[in-house]
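# Observations on the three-dimensional arrangement
Listed below, chain by chain, are the residues.
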Amino acid sequence: VQLQASGGGLVQAGGSLRLSCAASGRTFSSYNMGWFRQAPGKEREFVAVVSSRSGSTKLYSDSVKGRFTISRDNAKNTVVLEMNSLKPEDTAVYYCAADGQYQLNRDSNEYAYWGQGTQVTVSS
């Protein structure tokens, strides 16, 4: 699976952004799809994950719960992260990733495939 993230940019605090991750390959629907982020000088951290197939199960980090929404469109081989009420602390490079395991994982080490990252900068 090859992943390509897009949609990052500069936004003021309180604003919104929509990140997209396009995947290649006909097995996209079989992967749990996650979003992670990495701020300068910090470790990569979990943001959200959506389950494979129907995408009926979603997990979020406490820091984004209620503000971010993850979704997938298997017909278009895409996963989207809608980000609202953005804060300066959301500034980071955001990565999409694919995990072929059954359980939903928050650990980045469990994800086999990664996109290249897209920069999100939130100004105060």
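For the structure, check the block above.
In short, a report on the structure. Just so we're clear, the structure is a prediction, and the values are computed from it rather than from any experiment. (Residues numbered from 1 in each chain as written. Predicted model: local features only at pLDDT ≥ 70, side-chain atom pairs only at ≥ 80, totals over all residues. Heavy atoms only, no water.)

## Concerning the pairing of strand E7 (residues 68–73)
- Burial along E7 is one-sided: the residues Phe68, Ile70 and Arg72 are buried and none of Thr69, Ser71 and Asp73 is.
- Examined bridge by bridge, E7 and strand E8 (residues 78–83) share six bridges and lie antiparallel to one another. Looking across to E8, one finds that aspartate 73 is bridged to threonine 78.
- The antiparallel pairing of E7 with E8 creates a hairpin that spans four residues between the two strands, and asparagine 77 there sits at a positive phi of about 55°. (Buried < 20%, exposed > 50% of the residue type's maximum accessible area, 1.4 Å probe, protein only. Helix = DSSP H or I, 4+ residues; strand = E, 2+ residues; numbered from the N terminus. Pairing = 2+ DSSP bridges.)

## Points about the sheet that holds E8
- Taken in spatial order, the four strands of this open sheet run E1-E3-E8-E7, and their pairing is antiparallel. Strands at the two margins of the open sheet, each flanked by one partner only, are strand E1 (3–6) and E7. Going across the sheet, the axis of each strand differs from the next one's by a mean of 15°, ignoring polarity. (Axes fitted to C-alpha atoms, helices over the stretch in contact; angles between N-to-C directions.)

## What about the environment of glycine 117?
- Tracing the backbone shows glycine 117 in the loop between strand E10 (113–114) and strand E11 (118–123).
- Its relative accessible area of 15% is what places glycine 117 among the buried residues.
- Taking the C-alpha atoms as reference, glycine 117 lies 25 Å from serine 56; in sequence the two are 61 residues apart.
- Non-local contacts of glycine 117, meaning those with residues more than four positions away in its chain, are made with Ala5, Val93, Tyr94 and Tyr95. (Contact = heavy atoms within 4.5 Å.)

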